[in-house]
Amino acid sequence: MEEGTEEEYVVESDVDLGEVWMVELEVSASSVPDYWMLGRDYWFCCRVTVETPGRDQLHFPCYRWLDACTVRLRSSDAKLAADDFVPALRAHRQEEVLERQSLHRWSTTIRDLPSSIDFQTVDDLPLDLKFNEVKRLDHQGSVKRALCEMQLKRFVNVPRRSWTSLEEFDRIFWNVDSPIAVYVKQHWKEDWIFGYQFLNGMNPVLIRRCGKIPDNFPVTEAMVRSSLGNATLQQTLQMGRLYIVDYKMLDGLEGNIINEEQQYLAAPMCLLHLDQHQRIMPLAIQLKQKPGLDNPIFLPTDSSLDWLQAKMWVRNSDANHHPLVTHLLMTHLMAEVFFVATLRQLPAVHPVYKLLIPHFRYTVQINVQAREDLVGEGAILSRLLAIGPKGRLLLPQRAFKDLTYSSLCLRDNLDQRGVTDLEKYYYKDDGLLVWGAIERFVTKVVDVYYRGDERVRCDLELQAWIADLTQGGLHHLKGSGMPTAFRNRAELSKFLTMVVFTCSGQHAAVNNGQYDWAAWVPNTPSTMRRPPPTAKGVLTMEDIMDTVPSLSQSSLQMAIAWSLSKQPEGMRSLGTYPEEHFSEERVRSIIGEFQAELRHIEHEIRKRNDGLELKYEYLLPSTIENSITT
């Protein structure tokens, strides 16, 4: 065989094999001398199919790279340990898990963050955890194209280092194929689109109903009276139409230094209200946490420049919180914990392993690469964000200490933030549709193998999985409400729904819109080159242009946002399972029902979008990838 070719091989037996429990594959080391070969002689085995004399077929999935090894494959029928009565099969389960535990170890080198897999570089990874060739070339090509375009934009604007007007951002806003980005460029100064982004932008998880205006945010009736129409501030609060976004997690973090130039951060609070048109509109912005004469509250009635820059500082805070907390911590790092625990504790024949494994495809490599290329010392984010190197670690650490189980479960999260009944919140609406479909799918699969709650409690492999996940992966996170054992099927189904949604729908919601909302840099400036204003009425346009990202930073922001948001080659959308881990007809039927429900959700979202000026498409099932690969 030549590299990249695919073949099927038929091996016939002249003797009756009897009942087949396992298939053993032995791959011998190549007889070709090492110095003649360019690399290892790996084979990827999809599966082995055994046809009996009665023409029945038994399937033994593999889906692994093999090289100078011996592997034993179990039938594709999922089984709990309690249903494996043959001693050799029970021993095989234990041997498989012990072998994986020796290879996939927890790394706890960074305190107060989820544990990661103990591989430092992509080169260290086993081949089964790496991109295939199509994915590798697509990923490299996307990065190269983005960086080449960045360099071209800088070249055509030489010797310009900064800007003299906001309109000059047009000089790099070309070759933009996002209708939303173009729309944002035209409308970004308007208050309604500022508020809209808290609902349906790239970070739609921070807004919450305000039950009491914080003591350190002394907004008064007189400040906002003209913005509230006929209602008072207290009436608006009592009617549940007052909302808040608070970036206190950024407070005290050091600013970055980019190209020997100091960068600056704020830690704003933004008060918003629901107006008569059911739009979320900003009411007041305070840029620092501690009130004082040097920390004014900015209002829509202030000068247009004062109000515009206040909103830009909020968007800058969002641009720094989003990549490190909402995106990296809450999806990428959590998915890695789920995956490593699965590798370490569940044999491939376990139904939960079969259910989850498609939702971890490429996650380890993209995370290892992110630690190398994005968030490490000298990495891309060190040249992009306003947060300094210590802050880039401290911010997700702060968020991890506050992480709760309910914050990962969409319905609970929405309820705790008081936004369940908020209209035109399409992240919420579409997310609940997708969550519900996953929940029904997972629950049906769980019920096939766990015919009662007792089987859940007695599944020692399952209990070891959740214990390793919470203890080894999450360091006994205090007060999180994360389950450390499963008592019944309902608890298991909810947790599995959360895992699948985190790795698919939630990641899509916070990843796929980055280019849409950050391509027009003034709307989402990743860094600020001057400190937050300390007074009103003195700001000039020259001050704003000296504050926003430089030409180089702006070009890099566009490049990275495009690269991260681009749909990857070979994407597998939610519910697509080309690797047949389940062979049971009942489960295959359940998968078909899941796929049919996702198609219905797609139709309903598209029908809703037909009537919208700004279409919300991040949770269309066809655009949700099964796993985190970008």
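Treat the numbers as computed from the prediction; the structure is a model and nothing was measured. (Residues numbered from 1 in each chain as written. Predicted model: local features only at pLDDT ≥ 70, side-chain atom pairs only at ≥ 80, totals over all residues. Heavy atoms only, no water.)

**Looking at the overall build of the protein**
Part 1 of the reasoning: Of regular secondary structure, the protein possesses 20 helices and 13 strands.
Part 2 of the reasoning: Taking 2.2 N^0.38 as the reference for a compact globule, 630 residues should give roughly 25 Å; the C-alpha atoms of the protein span a radius of gyration of 27 Å, in line with that estimate.
Part 3 of the reasoning: Taken along its principal axes, the extent of the C-alpha atoms in the protein is 90 × 60 × 45 Å.
Part 4 of the reasoning: Across the 630 residues in the protein, those meeting the buried criterion constitute 55%. (Helix = DSSP H or I, 4+ residues; strand = E, 2+ residues; numbered from the N terminus. Rg over C-alpha atoms; globule rule 2.2 N^0.38 Å. Buried < 20%, exposed > 50% of the residue type's maximum accessible area, 1.4 Å probe, protein only.)

**A word on the environment of Asn511**
Part 1 of the reasoning: Here Asn511 is to be found in helix α16 (residues 489-511).
Part 2 of the reasoning: Sequence separation between Asn511 and Pro323 is 188 residues, and the spatial gap between their C-alpha atoms is 9.0 Å.
Part 3 of the reasoning: Excluding anything up to four places from it in sequence, Asn511 contacts His327, Leu564, Ser565 and Thr630.
Part 4 of the reasoning: Side-chain polar atoms of Asn511 contact the side chain of Asn512, separated by 3.0 Å. (Contact = heavy atoms within 4.5 Å. Polar contact = N/O pair within 3.5 Å; in protein donor to acceptor, adjacent residues only side chain to side chain.)

**Things to note about the packing of aromatic side chains**
Part 1 of the reasoning: Inspection of every chain in the model, using the stated rule, returns 20 aromatic pairs.
Part 2 of the reasoning: Seen in terms of ring centroids, Trp192 and Tyr196 are 6.1 Å apart; in terms of plane orientation they differ by 75 degrees. Their pairing is edge-to-face. Linking Trp192 with Tyr196, this pair stays in helix α4 (residues 191-200), spanning four residues, or about one helical turn.
Part 3 of the reasoning: A ring pair is formed by Trp435 and Phe501, whose centres lie 5.4 Å apart and whose planes are at 70 degrees; its orientation type is edge-to-face. Here Phe501 lies in helix α16 and Trp435 lies in helix α13 (residues 426-449), a separation of 66 residues in the sequence.
Part 4 of the reasoning: Of the residues examined, Trp435 reaches a relative accessible area of 2% and is grouped as buried.
Part 5 of the reasoning: The class for Phe501 is buried, based on a relative accessible area of 1%.
Part 6 of the reasoning: Sitting over the face of the ring of Trp520, Lys185 holds its NZ or CZ atom 5.6 Å from the ring centroid. (Phe/Tyr/Trp six-rings, centres within 6.5 Å; stacked < 30°, edge-to-face > 60°. Lys NZ or Arg CZ within 6 Å of the ring centre and 35° of its normal.)

**Notes on the pattern of salt bridges**
Part 1 of the reasoning: Applying the stated criterion across every chain, the model contains 35 salt bridges.
Part 2 of the reasoning: The salt bridge partner of Glu261 is Arg530, with a shortest N-O separation of 3.7 Å. Remark: Arg530 occurs in the loop between α17 (514-518) and α18 (541-547) and Glu261 occurs in strand β10 (residues 261-262); sequence separation between them is 269 residues.
Part 3 of the reasoning: For Arg586, the salt bridge is made with Glu593, and the minimal N-O distance between the two is 3.8 Å.
Part 4 of the reasoning: Shared partners join several salt bridges into a network, and the residues in it are Arg74, Asp84, Arg93 and Glu461. (Salt bridge = Lys/Arg side-chain N within 4 Å of Asp/Glu carboxyl O.)

**Considering the packing of α13 against helix α20 (residues 585-609)**
Part 1 of the reasoning: Close contact between α13 and α20 brings their axes to 10 Å; oriented N to C, the two are set at 170 degrees. On the basis of the axis angle, α13 is roughly antiparallel to α20. Note on element contacts: α20 touches α13 through Arg586, Val587, Ile590, Ile591, Glu593, Phe594, Glu597, Leu598, Ile601, Ile605 and Arg608, opposite Tyr426, Asp430, Leu433, Val434, Ala437, Ile438, Arg440, Phe441, Lys444, Val445, Val448 and Tyr449.
Part 2 of the reasoning: Residue composition of the contact of α13 with α20, grouped by class: 16 nonpolar, no polar and seven charged. (Axes fitted to C-alpha atoms, helices over the stretch in contact; angles between N-to-C directions. Parallel < 35°, antiparallel > 145°, perpendicular 65-115°, else oblique. Nonpolar A, V, L, I, M, F, W, Y, C, P; charged D, E, K, R; others polar.)

**Remarks on the side chain of Asn295**
Part 1 of the reasoning: Within the secondary structure, Asn295 is located in the loop between β12 (280-286) and β13 (297-298).
Part 2 of the reasoning: Beyond its immediate stretch of four places on either side in the chain, Asn295 contacts Gln286, Leu287, Lys288, Gln289, Lys290 and Thr534.

**Some words on the pairing of strand β3 (residues 57-66)**
Part 1 of the reasoning: As paired strands, strand β2 (residues 43-51) and β3 are joined by eight bridges and run antiparallel to one another. In the sheet register, Val50 faces β3, and the bridge partner there is Leu58.
Part 2 of the reasoning: Between β2 and β3, which pair antiparallel one after the other, the connecting turn spans five residues, and Arg55 there sits at a positive phi close to 70 degrees. (Pairing = 2+ DSSP bridges.)

**Notes on the confidence of the model for the protein**
Part 1 of the reasoning: Residues with a pLDDT of 70 or more make up 92% of the protein, whose mean pLDDT is 91.
Part 2 of the reasoning: Within the model, the stretch residues 34-38 combines pLDDT values under 50 with two contacts to residues more than four positions away or in other chains. (pLDDT = per-residue confidence, 0-100.)

**Observations concerning the side chain of Glu584**
Part 1 of the reasoning: Relative to the helices and strands, Glu584 resides in the loop between α19 (551-565) and α20.
Part 2 of the reasoning: Buried Glu584, no salt bridge; nearest opposite-charge side chain is Lys354, N-O distance 6.4 Å.
Part 3 of the reasoning: Looking at Glu584, its side chain comes within polar contact range of the main-chain nitrogen of Ala78, at 2.8 Å.
Part 4 of the reasoning: The residues touching Glu584, leaving out its near neighbours within four places in the chain, are Ser76, Asp77, Ala78 and Tyr449. (Lys, Arg positive; Asp, Glu negative; His and termini not counted.)

**Remarks on the sheet that holds strand β8 (residues 242-246)**
Part 1 of the reasoning: Here we have five strands laid out as an open sheet, ordered β7-β8-β11-β12-β13, and antiparallel in their pairing. Two strands bound the open sheet, and with one partner strand each, they are β7 (208-209) and β13.
Part 2 of the reasoning: Note: β8 against strand β11 (residues 269-274), five bridges, orientation antiparallel. Looking across to β11, one finds that Tyr243 is bridged to Leu272.
Part 3 of the reasoning: Seen against the sheet, helix α7 (residues 304-345) touches β12 and β13 and runs at an angle of roughly 90 degrees to β12.

**Side note on the nonpolar core**
Part 1 of the reasoning: In this structure, Trp465 and Phe495 are the most contacted members of the largest nonpolar core, which totals 163 residues.
Part 2 of the reasoning: The element that contributes the greatest number of residues to this core is α7, accounting for 20 residues.
Part 3 of the reasoning: With residues up to four places along the chain from it excluded, the contact list for Phe495 reads Phe338, Tyr405, Trp465, Ile466, Leu469, Met482, Pro483 and Phe486.
Part 4 of the reasoning: Core analysis: the next-biggest nonpolar cluster, separate from the first, contains 16 residues, Cys210, Val219, Val224 and Leu228 among them. (Core = buried A, V, L, I, M, F, W, Y, C linked by side-chain atoms within 4.5 Å.)

**Some remarks on a nonpolar patch on the surface**
Part 1 of the reasoning: The grouping of Tyr42, Phe44 and Trp65 at the surface amounts to a nonpolar patch, some 270 Å² of accessible area in total.
Part 2 of the reasoning: As for its placement among the helices and strands, Phe44 is situated in strand β2. (Patch = residues over 30% accessible without salt bridge, like charges linked within 9 Å, V, L, I, M, F, W, Y side chains within 5 Å. Areas by Shrake-Rupley, 256 points an atom, 1.4 Å probe, with all protein chains shown as cover.)

**Overview of α19**
Structural remark: α-helix, 3.6 residues per turn; residues separated by three or four positions point the same way.
Part 1 of the reasoning: Over its 15 residues, α19 runs 21 Å from end to end, which matches the ideal 21 Å to within 8%, given 1.5 Å per residue.
Part 2 of the reasoning: Burial runs high along α19: 14 of the 15 residues are buried. (Expected span 1.5 Å × (residues − 1).)

**Quick word on unusual backbone geometry**
Part 1 of the reasoning: The phi torsion at Asn175 lies on the positive side, around 60 degrees, for a residue other than glycine.
Part 2 of the reasoning: Its location among the elements puts Asn175 in the loop between α2 (133-156) and α3 (179-187).
Part 3 of the reasoning: A positive phi is found at Lys424, a non-glycine position, where the angle reads about 60 degrees.
Part 4 of the reasoning: Looking at the secondary structure, you find Lys424 in the loop between α12 (410-417) and α13.
Part 5 of the reasoning: Looking at Lys424, the relative accessible area reads 39%, which means it is partly exposed.

**Some remarks on the state of the cysteines**
Part 1 of the reasoning: If you walk through the whole model with that rule in mind, you get zero disulfides.
Part 2 of the reasoning: In this structure Cys62 is a free cysteine whose sulfur lies 4.1 Å from that of Cys45, the closest cysteine sulfur available.
Part 3 of the reasoning: With no disulfide partner, Cys210 has as its closest neighbouring cysteine sulfur the one in Cys270, 11 Å distant.
Part 4 of the reasoning: Judged by relative accessible area, Cys210 falls into the buried class, the value being 3%. (Disulfide = S-S within 2.5 Å.)

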